[in-house]
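Close look at the chain arrangement
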Amino acid sequence: MTVEGTGLAVFVSTAVPSAVDLLAEVRDLAMPEIIVSVFACLALLVAAGAGPRHQRLAGWASLGGTALGLVSVVSIWIAQGRTLPRIGLAGMYVVDEFALLFKGIAVVAAAVTIAISMRFLTEERTERGEYYALVLFATVGMMLVPSGADLLSLFIALELMSLSVYVLVGYLRGDGRSNEAAMKYFLLGAFSSGVLLYGMSLVYGVAGSTRLVDLAVALPQAISANGDLVLLVGVGVALLVAGLAFKVAAAPFHVWAPDAYEGAPTPVTAFMSVGVKAASFALLVRILVDGLGPLRAAVESGWPGWDLSVGVLAAVAMTWGNLAALTQKNAKRLLAYSAVAHSGYALLGVVAGNRMGYTGLVLYIVVYVAMNFGAFAVLIALRRGTIAGDGIEDFRGLAARAPGMAALMTVFMLGLGGIPPTAGFVGKFYLFAALVETGDRWLVALAALALVNTAISAYYYLLFVKAMYADADEAGAPALATSPGLLAVVVVSGVLTLAVGVYPQPVIAVSGAAAERLEPAPGPKPTRNSAERAAPGGRAR
């Protein structure tokens with residue numbers, strides 16, 4: 001046998017088993033993502049092979065993929081719950097209760113988006129299979145984000161989600177508002193990704209590793225050993241916080257949200273406000289809590305701590321979002337500013353930093369999914385004929401035309417306003433109580449500010465109720481355009497909003513199980529290189 005033949009044989013004998021082992025590891029850790037990815041490709045094939053009248057087949061195939069993906073997520077939680085967390089792919093990927101819950105949210109968000117899109121796309125005469133494939137590809141990114149245990153894997157998952165959503169926002173090519181929204185969202189999103197990546201590069205330069213477990217160990221050691229690194233790490237963390245604030249649409253980094261929400265197709269707006277927001281908060285939690293958790297508070301070496309900046313972001317987002325929403329007449333734009341305010345509320349759980357705060361954060365995102373999807377589903381039902389359905393005036397007299405739909409919309413508005421006995425009240429109660437539980441006077445004052453903002457928000461949420469019940473109906477207004485999928489979304493969302501408000505214990509238990517993992521995940525020890533660079537007297541390259 002020649003030397004070349006021997007080398008090839010050695011290469012095959014070592015590379016093939018390694019590749020097989022890697023594929024087996026990917027299968028064991030990321031089966032839900034694999035399922036959704038396969039159905040996304042199937043939707044593309046159906047879209048290419050089916051005629052214009054059969055593009056909905058891609059939608060039904062996509063719904064099947066989300067159903068199987070959800071089954072896979074639930075089966076992993078049930079079958080492997082005792083062995084979690086599981087870490088693999090060189091420490092870059094983690095599967096725990098927190099990740100599984102947010103994967104479930106992503107799959108449910110995709111399924112609901114597809115269900116409410118079918119009638120909307122028919123009404124707009126723009127139904128194409130590529131739309132459903134883009135929703136699924138974005139969902140794959142959303143499912144990968146909460147499992148990211150490394151800055152690189154988190155960034156790649158984030159971009160997979162973002163690039164798909166950029167296209168979805170501009171899906172209505174003949175609509176100038178949709179094109180403008182997509183361009184603004186893309187440009188600002190690319191800028192924020194650059195800011196986020198620059199922050200990642202700075203903290204990597206100090207820690208010598210991109211794994212979150214390494215950052216949690218190496219960064220505090222580096223600051224303690226060399227006080228000159230405080231400024232470098234501070235700039236890196238500040239850039240990370242700014243980039244993350246953009247992704248969750250927290251003021252003053254929210255400027256993309258109103259235009260994107262207003263111009264995007266309404267189902268895409270719902271998808272962004274729920275799925276993208278949930279994945280973005282998972283990204284924020286992984287980086288700040290798992291990777292930068294030890295840098296939360298100020299230390300003697302001069303490090304100020306990131307909890308102060310996040311607390312200021314929460315206060316600004318709540319206040320600015322609610323005040324700006326007071327002046328809006330477009331329902332989608334109003335709900336965009338409402339989403340900014342809700343980002344501020346959710347950040348309170350991160351600021352509190354205790355078990356109740358983390359539980360409240362997860363709980364709040366879960367109930368927000370039901371309330372927001374229900375509200376946007378009603379907006380889609382109002383879109384018929386020449387009526388856009390995205391103005392508050394379009395709700396006038398809805399109680400007379402469709403009393404059931406008006407009653408459910410009232411439930412969603414009360415829930416978003418945090419009024420009992422809805423799920424929104426339970427979520428806000430946990431977040432506010434977590435701040436009070438800390439005993440810190442500044443955090444108690446922040447809870448008081450959040451309570452004042454909740455009272456302010458009640459005004460613009462009740463504008464919808466007033467329009468539906470107190471204002472006169474438009475003469476000759478056509479009936480609502482509904483579909484079985486859309487009605488199912490509205491009814492199920494309404495039932496969940498009330499059920500969780502009356503009996504929240506099951507959802508609290510699931511949220512609490514996920515919150516237990518909001519700490520540095522166990523894994524391999526920091527690399528020798530990062531340990532040396534963080535040791536006393538070491539220098540960052």
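This write-up is about the structure you can find in this document. (Residues numbered from 1 in each chain as written. Predicted model: local features only at pLDDT ≥ 70, side-chain atom pairs only at ≥ 80, totals over all residues. Heavy atoms only, no water.)

Given a rise of 1.5 Å per residue, 16 residues ought to cover 22 Å, and the 23 Å separating the end C-alpha atoms of helix α5 (residues 129-144) matches this to within 8%. Of all 16 residues that make up α5, 13 are buried, and the element is covered over most of its length. (Helix = DSSP H or I, 4+ residues; strand = E, 2+ residues; numbered from the N terminus. Expected span 1.5 Å × (residues − 1). Buried < 20%, exposed > 50% of the residue type's maximum accessible area, 1.4 Å probe, protein only.)

Looking now at the nonpolar core. Grouped together as the largest cluster of nonpolar side chains are 181 residues, with contacts concentrated most on M272 and F395. Top element by residues in this core is helix α14 (residues 355-382). It accounts for 19 residues. Filtering out sequence-adjacent residues up to four positions away, M272 remains in contact with V165, V169, Y185, W256, A260, Y261, A264 and K277. (Core = buried A, V, L, I, M, F, W, Y, C linked by side-chain atoms within 4.5 Å. Contact = heavy atoms within 4.5 Å.)

A word on a nonpolar patch on the surface. Judged by side-chain polarity, L70, V74, I78 and V108 come together as a nonpolar surface patch covering roughly 320 Å² of accessible area. For the nonpolar patch, the element with the highest residue contribution is helix α3 (residues 56-80), accounting for 3 residues. Inspection of the secondary structure puts L70 in helix α3. Given the relative accessible area of 32%, L70 is considered partly exposed. (Patch = residues over 30% accessible without salt bridge, like charges linked within 9 Å, V, L, I, M, F, W, Y side chains within 5 Å. Areas by Shrake-Rupley, 256 points an atom, 1.4 Å probe, with all protein chains shown as cover. Salt bridge = Lys/Arg side-chain N within 4 Å of Asp/Glu carboxyl O.)

Time to look at unusual backbone geometry. Residue P252 is reached from A251 by a cis peptide bond, and omega for that bond is 5°. Here P252 lies in the loop between α9 (229-247) and α10 (256-263). Omega for the peptide link from P420 to P421 comes to 5°, which places this bond in the cis form. Secondary-structure assignment places P421 in the loop between α16 (403-416) and α17 (423-438). You will see that A90, though not glycine, has its phi angle at about 60°, which is positive. Examined against the element boundaries, A90 turns out to sit in the loop between β1 (86-88) and β2 (93-95). By relative accessible area, which is 64% here, A90 ends up exposed. Even without being glycine, A249 reaches a positive phi, approximately 60°. Assignment of secondary structure puts A249 in the loop between α9 and α10. On the basis of relative accessible area, A249 is assigned to the buried category, the value being 2%.

Where α5 meets helix α11 (residues 266-291), the closest approach of the two axes is 10 Å, and the angle between their N-to-C directions is 15°. With respect to their mutual orientation, α5 and α11 come out roughly parallel. In the crossing of α5 with α11, the sense of the turn from one axis to the other is right-handed. Residues Y131, V135, A138, T139 and M142 of α5 form the contact with α11, whose own contacting residues are P267, V268, F271, G275, V276 and A279. (Axes fitted to C-alpha atoms, helices over the stretch in contact; angles between N-to-C directions. Parallel < 35°, antiparallel > 145°, perpendicular 65-115°, else oblique. Left-handed = near helix turned anticlockwise from the far one by under 90°.)

Below, the discussion takes up the pattern of salt bridges. If you walk through the whole model with that rule in mind, you get 10 salt bridges. In this structure, E180 and K184 form a salt bridge, with 2.8 Å as the shortest nitrogen-oxygen distance. With a gap of 4 residues between them, E180 and K184 both fall in helix α7 (residues 176-207), about one helical turn apart. Judged by relative accessible area, which is 30%, K184 ranks as partly exposed. With a closest N to O distance of 2.8 Å, D290 and R286 form a salt bridge. Taken together, the residues D290 and R286, both in helix α11 and 4 residues apart, mark about one turn of the helix. Here D290 and R286 have matching classes, each one buried.

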